Structures are given as C-alpha cells and as structure tokens.
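Here is how the chains run, residue by residue.
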Amino acid sequence: MLDRLQALADRYEKLSELLCDPDVASDPKRLREYSKEQSDLQEAYEAFTEYKQVSEQLEDAKIMQGEKLDDEMREMVKMEIDELSARKAELDEKIRIVLLPKDPNDDKNVIVEIRGAAGGDEAALFAYELYRMYTKFADAQGWRCELMDLNENDLGGFKEVIFMITGKGAYSKMKYESGAHRVQRIPVTESGGRIHTSTSTVSVMPEVEEVEVEILDKDIRIDTFCSSGAGGQSVNTTKSAVRVLHVPTGIMATCQDGKSQNENKAKALQVLRARISDVRRQEEEAKYAGERKLKVGTGDRSERIRTYNFPQSRVTDHRIGLTLHKLDSVMNGDMEEIVSSLTIAEQAELMERELN
C-alpha cells in the first residue's frame with residue numbers, strides 16, 4: 001500500500017511541475033486534463049503526506065520514551081504517543097478508503113427518471129413527492145435542477161418526470177436512489193381511511209457526453225408533436241415537443257419542457273445517450289452478476305430499496321437495514337444520513353473485496 005501511495009505522491013508532484021510549465025499553461029486541453037488528474041489525487045496525497053509526518057513523529061516519541069526522563073516528561077511523551085498512534089490509525093483507515101476503486105462516473109451530472117408504478121394516482125402523487133425530495137436535496141448540495149420532461153395526472157401527481165441534476169459529485173450521492181420506492185399511507189383518494197401500499201420507480205443515470213455514446217443521424221427517427229399538460233390537455237399548438245427513437249436498440253426518449261423544438265431535441269438526445277449507456281452498463285454487469293455486483297447501488301429499477309411509512313413517520317432502507325424515524329425531514333430533502341450510510345456500506349463491501 002505504501003509503495004502505491006508513494007507512486008501517487010510522485011505523480012502528484014510531477015503534475016505540479018507540469019502545471020507550472022508555460023507550454024502546458026498555453027494548452028487548454030492539457031491544462032484541463034492535468035488539473036483534473038491532480039485534483040483526483042489530492043486527497044490521497046494529503047493523507048499520505050500527513051501519514052508520513054505522523055509516523056516520523058511517533059518514532060521520535062518512542063525513541064524519547066526510552067531515554068531517562070523525569071515523571072512529568074515521561075507522562076507528556078506517553079500522551080503524545082497515544083495521540084499520534086490514534087491519528088495514525090485514523091489516517092490508515094482514510095488511506096484505505098481513498099485507495100478503493102473509484103466509480104468513473106462519480107463526478108458526473110445525473111439524469112433522473114421517476115415513474116408512478118403500482119398504485120395508480122397514489123403512485124403518481126408519491127412520484128411527485130420524490131421529485132420534490134430530490135430537488136430539495138440538490139438545493140442543499142448547491143446543485144442545479146433542470147426539468148426535461150413531465151407527464152402529470154389530474155391530481156397534480158407525476159406519471160413520469162425526467163430531470164437533470166448538475167453539480168460536482170451529483171452521481172456519487174444520487175446513484176444509490178435507483179430502484180423501487182414503496183410508500184405506505186392513507187391516500188387522499190381513500191374515503192375509508194385504510195392504509196395503502198404503492199410504489200414509484202427511480203432510475204439515476206450519469207450524463208453521457210457525445211463522444212462516449214455516438215448516435216448517428218441514420219440510426220434515429222425524430223417525431224414532433226404538441227406539448228401537453230395534466231390530463232393530456234394541449235398547452236400549445238406548435239409542434240415543439242420531440243420524440244427520438246434509436247432504431248438499432250428500440251430505445252426512445254421524449255422531451256417537451258423546453259421552449260423550442262431545437263431545445264427539446266437536444267435534451268431528448270441527452271436522455272437517449274444516457275439510456276443507451278445505462279442499458280450497456282447493465283448488460284455488462286449481468287455477465288458478472290454473481291461475483292462483481294454490490295448489494296448497495298446496483299441500479300436495478302425493479303429492486304425494492306426503500307419504504308416510506310407515513311403513519312409511523314419511518315423510512316427504512318432495505319439494502320443496509322437502516323431505519324430513521326424522521327420521515328418529514330427526509331421528504332423535505334434531508335437525505336444526508338441515508339446517503340452517508342449507503343456510502344460507508346459500499347466502501348465496506350469494496351474493502352472486503354480488496355482484502356479477499
């Protein structure tokens with residue numbers, strides 16, 4: 001591990017030299033690449049630098065402990081050894097986490113799709129509340145949300161909503177949300193006061209650049225139509241909404257929330273690229289399902305990942321057995337405890353795999 005860290009530290013320092021090179025400074029592409037690479041290495045470099053300093057101080061303190069000292073000095077040296085030993089253990093744990101395999105998509109923006117599933121109007125109403133929860137969480141992170149497509153019902157629920165979250169590390173925190181979300185409560189449509197169970201599905205996909213998934217003009221079919229609002233009522237008479245079909249795969253994307261046909265086409269293509277990439281990723285993971293798939297963050301939309309029980313104000317994440325009794329806070333975007341717990345669980349799984 002220390003050899004690997006030393007190699008990373010050497011590369012970090014080499015990048016510092018390169019970023020001061022006038023030739024690199026005048027080349028935007030190289031400057032951007034080197035800056036990103038150094039930024040990715042910074043946490044490991046700083047942790048390793050402190051680890052070496054603490055290790056040296058600990059060795060010096062242990063040598064001093066073996067010398068002739070008065071009682072007061074001996075106690076001070078013992079306290080210093082205890083503090084340095086504890087800090088060294090903390091840094092050792094941090095370094096192991098930093099060195100875990102990184103998800104290459106973690107820093108990307110995300111496209112989120114939410115659909116009402118089992119439960120009719122109640123599922124659509126819950127889909128709206130999930131959308132609200134995620135947008136509030138995004139606001140708290142300093143991210144930006146952009147609506148891409150929306151299909152409402154007459155009660156103000158969302159049959160389907162697609163939106164983009166833009167911000168550093170968006171995928172790293174949102175990727176755990178893919179799956180089936182179950183709600184247990186008395187629906188507004190229920191006159192008898194009975195608790196119903198409904199589900200909405202969430203799919204979180206990293207934004208995909210054009211160079212990552214090439215879509216040829218000859219492989220797509222584009223249809224235009226009038227945008228519609230709740231209940232299917234037409235809200236404009238111009239064909240600004242766009243539906244794009246990728247003929248080779250049969251994957252389709254629709255966008256009608258933009259102000260123009262060109263804007264909707266660009267957004268639909270963004271969604272289409274993300275969907276194509278997501279299908280390819282799932283196909284690749286399916287080949288190694290038994291040995292590589294993590295319990296946390298598998299991205300399987302059919303998997304029930306979380307239950308929101310309104311009568312008991314309870315949220316339970318079934319993947320890690322986490323239960324919180326603060327449903328109102330979570331539905332208002334306070335998701336940090338859930339996300340942090342899922343991140344730690346995934347890191348533990350990765351660490352166990354590395355050790356084995």
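Look up: the structure comes first, before these words.
We now turn to the structure provided with this report. Bear in mind that the values here come from a model prediction, so they are computed numbers and not experimental data.

For side chains of opposite charge, pairing can occur when their charged atoms come near one another. Scanning the model with the defined rule gives 28 salt bridges in all. Lysine 36 is the salt-bridge partner of aspartate 40, the closest N and O atoms lying 3.0 Å from each other. Of this pair, aspartate 40 and lysine 36 both sit in helix α3 (residues 28-65), four residues apart, which is roughly one turn of the helix. A cluster of three or more residues bridged by salt bridges with shared partners is formed by Glu113, Arg115, Glu160 and Arg275.

The subject of this paragraph is the sheet that holds strand β10 (residues 314-317). Strands sit in the order β2-β3-β1-β5-β4-β9-β10-β11 across an open sheet of eight strands; the sheet is mixed. Where the open sheet ends on each side, the last strands, each with one partner, are β2 (144-152) and β11 (322-324). Shown here is a sheet whose adjacent strand axes are inclined to one another by a mean of 15°, direction ignored. Here strand β1 (residues 110-116) pairs with strand β3 (residues 158-166) via six bridges, running antiparallel. Directly across from isoleucine 111, in β3, lies its bridge partner methionine 164.

With 35 residues, the main nonpolar core has Val112, Ile114, Tyr134, Ile165 and Met174 as its most contacted residues. When residues in this core are grouped by element, the largest group, eight residues, is from helix α5 (residues 121-141). Once residues lying within four places of it in the same chain are set aside, the contact partners of tyrosine 134 are Ile114, Phe163, Met174, Glu177, His181, Val202 and Met335. Grouped together as the second largest cluster of nonpolar side chains are 21 residues, Tyr34, Val54, Ile81 and Leu84 included.

The backbone phi angle of serine 313 is positive, close to 50°, even though this residue is not glycine. Note that serine 313 resides in the loop between β9 (304-309) and β10. Assessed through its relative accessible area of 26%, serine 313 is described here as partly exposed.

Tracing the sequence through the fold places arginine 185 in strand β4 (residues 179-185). You can call arginine 185 buried: its relative accessible area is 10%. In this structure the side chain of arginine 185 is engaged in a polar contact, spanning 2.5 Å, whose partner is the side chain of glutamate 122. When sequence neighbours within four positions are dropped, the list of residues in contact with arginine 185 reads Glu122, Leu125, Phe126, Glu129, Arg194, Ile195, His196, Phe310 and Pro311.

Now for the pairing of β4. Remark: a regular strand shows side chains that alternate across the two faces of the sheet. Burial of β4 is extensive: seven of the seven residues sit out of reach of the surface. Taken together, the seven bridges between β4 and strand β5 (residues 196-206) define a ladder with antiparallel strand orientation. Following the sheet pairing, histidine 181 is matched in β5 by serine 200. Pairing of β4 with β9, which is carried by five bridges, proceeds in the parallel orientation.

An ideal rise of 1.5 Å per residue puts 26 Å on 18 residues; helix α1 (residues 2-19) measures up with 26 Å between its terminal C-alpha atoms. Buried residues belonging to α1 abut α2 (22-25), α3 and α4 (71-98).

Within the fold, arginine 115 resides in strand β1. Classification of arginine 115 as partly exposed rests on a relative accessible area of 23%. Separated by 15 residues in sequence, arginine 115 and leucine 130 place their C-alpha atoms 9.8 Å apart. At a separation of 2.6 Å, a polar atom in the side chain of arginine 115 contacts the side chain of glutamate 160.

Per the counting criterion, the structure on display carries one cavity of 30 Å³ or more. Quantified by volume, the largest cavity comes out at close to 30 Å³. Along the walls of the largest cavity sit Leu5, Leu8, Ala9, Leu41, Ala44, Tyr45 and Phe48, which together make up its complete lining. Taken together, the elements giving at least two residues each to the lining of the largest cavity come down to α1 and α3. Here the element with the most residues in the lining of the largest cavity is α3; it accounts for four residues. Counted by class, the lining of the largest cavity contains seven nonpolar, no polar and no charged residues.

What counts and what doesn't
Residues numbered from 1 in each chain as written. Predicted model: local features only at pLDDT ≥ 70, side-chain atom pairs only at ≥ 80, totals over all residues. Heavy atoms only, no water. Salt bridge = Lys/Arg side-chain N within 4 Å of Asp/Glu carboxyl O. Helix = DSSP H or I, 4+ residues; strand = E, 2+ residues; numbered from the N terminus. Pairing = 2+ DSSP bridges. Axes fitted to C-alpha atoms, helices over the stretch in contact; angles between N-to-C directions. Core = buried A, V, L, I, M, F, W, Y, C linked by side-chain atoms within 4.5 Å. Buried < 20%, exposed > 50% of the residue type's maximum accessible area, 1.4 Å probe, protein only. Contact = heavy atoms within 4.5 Å. Polar contact = N/O pair within 3.5 Å; in protein donor to acceptor, adjacent residues only side chain to side chain. Expected span 1.5 Å × (residues − 1). 1 Å grid on protein atoms, 1.4 Å probe; cavity = no way out; pocket = protein on both sides within 12 Å on 5 of 7 lines; lining within 4 Å. Points joined across faces, edges and corners; volume = space filled by probe spheres on them. Nonpolar A, V, L, I, M, F, W, Y, C, P; charged D, E, K, R; others polar.

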